[in-house]
Amino acid sequence: MSGEPIQETEELINRFLSGQLSEEERNAVEEHFLADDDYFTQLLVMEDSLVDDYVLGRLTDEERKNADLLFRSSLVEKREVKFTEDLVASLRRARDTKEERQRRKKKRTLDDGEIVVPKTSPWLQSQVSLNLIARGLRGLPKAFSATAGLILLLLVAGSIYFVFQNRRQTKELLAQRAVLERNVQEVREKLSREIQDSSELGKRLDLENKMRTQAEEALALLRNREPRSIASVVLLPTIFERGGGSKIVSLNANATFLRLLLEVPSTTPYPTYNVLIKTFGGRQVWSRDSIPASQIKQNKLSFVLSASFFPYDDYRIELLGVSENGDSKVVADYAFKVRK
Amino acid sequence: MALTFVPGYSCADLMKTQSDSAAFDTLLQALEPEASSPHESFRRFRARLVRLFAWKHCEDPEDLADETISRLVKNIQSGQEISQDRPYRYVRAIARNVFREYLRAKEKSGIETDVDELPDLPAPEETEDCWTLCLAQLSPDKREFLEKYFLDSIDREQFAREKGLTINALRLTVFRYKAALRLCIENCIMRLSKVRN
C-alpha cells in the first residue's frame, strides 16, 4: 500500500465497514476496491484494526453493535476474529512465562543478599576503648590520684570482665559465622545445581533451535506452494454412466480438505436428508443422516471432508430425502472422479 | 456448470480449449495487473470477491465468490467478449446478480442462519504449538511491539507517537505482522498434521 489514507477516506471506510453507507456510496466503494489494489489493502487494514479493537474491547456500545453485525455474519469474518483472539492469548501466555522466569531469577538474587558477615573484631574494639580511658586518666590533677587509682582499678576489673564477655561473644559470633558460612556453601551448591539445570535447558534450547531451523526450511519450501488446502467441487444431479459425464476432481498434495457442494433439486423439499458416498466398486466412503433442510443454501448442500478419504477412484453420491413419517426417497445422484 | 478450484492451478486450467484458457488469462491479467503469475492473479481476484460478499454480510462468502467465478468462466466459454478497459465492472455485475439470487433464496427459505451453527473447519490440535513456534520465530522487537500493542492498555495514538509512526502506519505495521504470522501458522499446521498422519 502506498501513501496514507486521508481522513475523509478513513471515515468513508469506517462507515462502509459498519454498514452505514447509502446504496450509492456503497456501490462506489465496492467498485473502487475491486479495481484499486491500494484501496483494497486500505480496507483490509482498517478492518483488521477494527477486529483488534473489537477483540480488545475498545469499542463504544454502538461501534460494538455494528462490529457484531459484521464479524458474526460470516465464517470468513469469524475466522479473522478467532485469529486475533488466538494471537492475544498466545502473546499473554508467552509474557506470563517470561515474567515467571524473571520472578524466579530475582528471588534467587534476594536470597544471596540476605547473608551478612561481621566486619570488625569486638576484641579490637575493647582495646581501643581501654587506651582511650587510660589516656584520659593521665591528664587528671595529682589530688585526684588515689581516687583515680581506685577508679582505674575498678575500670581495669570492669575491662577484664568486658574482655571475657567479649571473648565469649566472639566465640558466639564465630559460631554464628560458621553457620552462616555453611548456609553460604549450601546456597552456592544450590546455585551450581541450578546452573547445571540451566545448561541442560540450554541444550534443550539448542535442540529446539535446530528443530526450528528445520521447520523454517520446510516452511520456506511450503511458502512457494499454495497455502490454501481446500479443493472445492460443485456437483449437479446426474444419470449414472461410469466414465462419461462425471466431474474430475484433481487433488494435489496440498489439498487437505475436499469441499463438496451438491446442487439439490428444489422440486420436493424434505425436512431432513441423508447422504451416502460410495465408490463405483461399492466401497462405502462416508455417510451422514438427518441433515436438516436448513443447511441447504441457495439449493446447495455443502460438506467439508478430509481429502484423505478420497484416493484415486470413481465416486457416486446418493442424496435421500426423508419425509416426516421416516420414509426415504432418492432425491438425486451425483458422480465424480478423483485424480491425483 | 462444472468447476473445480484446486490449489496449485489457476481457473484457466479448467477451460475447455486453449483459446478459452488464453481469454481467461488475459482477463485475469487485466483484473490483477500487479500479480506475478496467473495463479497469483486468480488467488488475488478470488480474495477480493470473497471480501465483497463478506462485507455484504453473506454467511458463506467463499461459496458466492466461487459461484461468481463459475459464471464468469461460463460466459467466457460461451464466447462473450469482456471489455479489457474496466473488467471489474463486468465482474461486479455478475457478483451483484449472484448476491440478489442469494437474498431471494434467503428470503424464500425464511430461515435466519446463525453463523455459530454453520460448519467450520475443525480446529487442529497443532494450533497452540504452532502459535508458540511462530511467535518464537518473530524478532524480539516485533514480538515486543505486538505485546505492547495487544496487551498493554496504552492509547493507540500515544503508542504510534512512541514508535515514531502515524496511526495509519501503525495499523499497517500490525496488519503486516499479523499476515506474516497467519502464513506461518497455516504452514505450520499443514506441516505438523502431515507429520502426525
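What you see is a predicted model; the values in this text were computed from it and never measured.

(A) View of the overall build of chain A. Scanning chain A for helices and strands turns up seven helices and eight strands. Expressed as a percentage of its 340 residues, the buried residues of chain A come to 34%. In chain A, 66% of the contacts between residues at least 6 apart in sequence involve partners at least 24 apart. Surface summary for chain A: the accessible area is close to 21100 Å², and the carbon and sulfur share equals 54%.

(B) Quick look at the overall build of chain B. Across its full length, chain B carries eight helices and one strand. N-terminal to C-terminal, the α/β element order of chain B is β-α-α-α-α-α-α-α-α. For chain B, the proportion of its 197 residues judged to be buried stands at 49%. A separation threshold of at least 6 residues defines the contact pool for chain B, and within that pool the share at least 24 residues apart is 58%. When the accessible surface of chain B is split by element, carbon and sulfur atoms take 48% of a total near 9900 Å².

(C) Seen up close, the pattern of salt bridges. The tally for this structure, following the rule as stated, stands at 34 salt bridges over all chains. The shortest N-O distance in the salt bridge between Arg79(A) and Glu62(B) comes to 3.3 Å. Here Glu62(B) lies in helix α3 (residues 61-77) and Arg79(A) lies in helix α5 (residues 75-113), a pairing that spans two chains. Here Arg79(A) falls in the partly exposed class, since its relative accessible area comes to 32%.

(D) The arrangement of the packing of aromatic side chains in detail. The full count for this structure, using the stated rule, is 20 aromatic pairs over all chains. Their ring planes at 55° and their centres at 6.0 Å tell us that Phe310(A) and Phe336(A) sit as a pair that is tilted. Residue Phe310(A) is found in the loop between β6 (300-306) and β7 (313-322), and its partner Phe336(A) is found in strand β8 (residues 328-339); the two are separated by 26 residues along the sequence. The structure contains a cluster of three or more aromatic residues connected by ring pairs, namely Phe145(B), Tyr149(B), Phe150(B), Phe159(B) and Tyr177(B). The cationic tip of Arg64(A) hangs over the ring face of Tyr54(A); the distance from NZ or CZ to the ring centre is 4.4 Å. Here Lys56(B) stacks its cationic end above the ring of Phe99(B), 4.4 Å away from the centre of that ring.

(E) Structural view of a nonpolar patch on the surface. Residue and element names in this part refer to chain A. Nonpolar side chains collect at one region of the surface, where Ile151, Leu152, Leu155, Val156, Ile160 and Phe164 lie side by side and expose about 500 Å² of accessible area between them. Residue position: Val156 is located in helix α7 (residues 145-223). Under the relative-accessibility criterion, Val156 is labelled partly exposed at 41%.

(F) Local environment of the sheet that holds strand β4 (residues 272-279) of chain A. Residue and element names in this part refer to chain A. The strand order across the open sheet formed by five strands is β2-β8-β7-β4-β5, and the pairing between neighbours is mixed. Looking at strand neighbours, the two that pair on one side only are β2 (247-250) and β5 (284-292), the edges of this open sheet. Between one strand axis and the next, the sheet turns by 25° as a mean value, whatever way the strands run. Strand direction decides the pairing type here: β4 and β7, joined by eight bridges, are antiparallel. Paired with Thr272 across the two strands is Val322, which belongs to β7.

(G) Structural view of the packing of helix α2 (residues 23-35) of chain A against helix α3 (residues 37-55) of chain A. Residue and element names in this part refer to chain A. For the pair α2 and α3, interaxial distance at closest approach is 5 Å and the crossing angle is 115°. As judged from the angle between their axes, α2 and α3 are roughly perpendicular. On α3, the residues touching Val29, His32, Phe33 and Ala35 of α2 are Asp37, Tyr39, Phe40 and Leu43. Of the residues contributing to the contact of α2 with α3, the split by class is six nonpolar, one polar and one charged.

(H) Structural context of the nonpolar core. Judged by nonpolar contacts, the single largest core of 51 residues is most densely connected at Leu17(A), Phe33(A), Leu43(A), Phe45(B), Trp55(B) and Leu72(B). The element best represented in this core is α3(A), accounting for nine residues. Beyond its immediate stretch of four places on either side in the chain, Trp55(B) contacts Phe16(A), Leu17(A), Arg26(A), Phe33(A), Phe40(A), Leu43(A), Leu44(A), Glu47(A), Leu70(A) and Glu77(A). Membership of the second largest hydrophobic core comes to 30 residues, among which are Leu262(A), Val275(A), Ile277(A) and Phe303(A).

(I) Quick peek at the pairing of strand β1 (residues 230-235) of chain A. Residues and elements named next belong to chain A. Counting buried positions over the six residues of β1 gives six, a clear majority of the element. Neither face of β1 is exposed, since Ile230, Ser232 and Val234 on one face and Ala231, Val233 and Leu235 on the opposite face are all buried. Of the strand pairs in this sheet, β1 and strand β3 (residues 257-263) are connected by six bridges, and their pairing is parallel. Across the sheet, the residue bridging to Ile230 is Phe257, located in β3.

(J) The arrangement of unusual backbone geometry in detail. You will see that Ser290(A), though not glycine, has its phi angle at about 55°, which is positive. Topologically, Ser290(A) is positioned in strand β5. For His57(B), which is not glycine, the phi dihedral falls at a positive 65°. One can find His57(B) in the loop between α2 (38-54) and α3. Since its relative accessible area comes to 24%, His57(B) is described here as partly exposed.

Conventions and cut-offs
- Residues numbered from 1 in each chain as written.
- Chains lettered and ligands numbered in written order.
- Predicted model: local features only at pLDDT ≥ 70, side-chain atom pairs only at ≥ 80, totals over all residues.
- Heavy atoms only, no water.
- Helix = DSSP H or I, 4+ residues; strand = E, 2+ residues; numbered from the N terminus.
- Buried < 20%, exposed > 50% of the residue type's maximum accessible area, 1.4 Å probe, protein only.
- Contact = heavy atoms within 4.5 Å.
- Areas by Shrake-Rupley, 256 points an atom, 1.4 Å probe, with all protein chains shown as cover.
- Salt bridge = Lys/Arg side-chain N within 4 Å of Asp/Glu carboxyl O.
- Phe/Tyr/Trp six-rings, centres within 6.5 Å; stacked < 30°, edge-to-face > 60°.
- Lys NZ or Arg CZ within 6 Å of the ring centre and 35° of its normal.
- Patch = residues over 30% accessible without salt bridge, like charges linked within 9 Å, V, L, I, M, F, W, Y side chains within 5 Å.
- Pairing = 2+ DSSP bridges.
- Axes fitted to C-alpha atoms, helices over the stretch in contact; angles between N-to-C directions.
- Parallel < 35°, antiparallel > 145°, perpendicular 65-115°, else oblique.
- Nonpolar A, V, L, I, M, F, W, Y, C, P; charged D, E, K, R; others polar.
- Core = buried A, V, L, I, M, F, W, Y, C linked by side-chain atoms within 4.5 Å.

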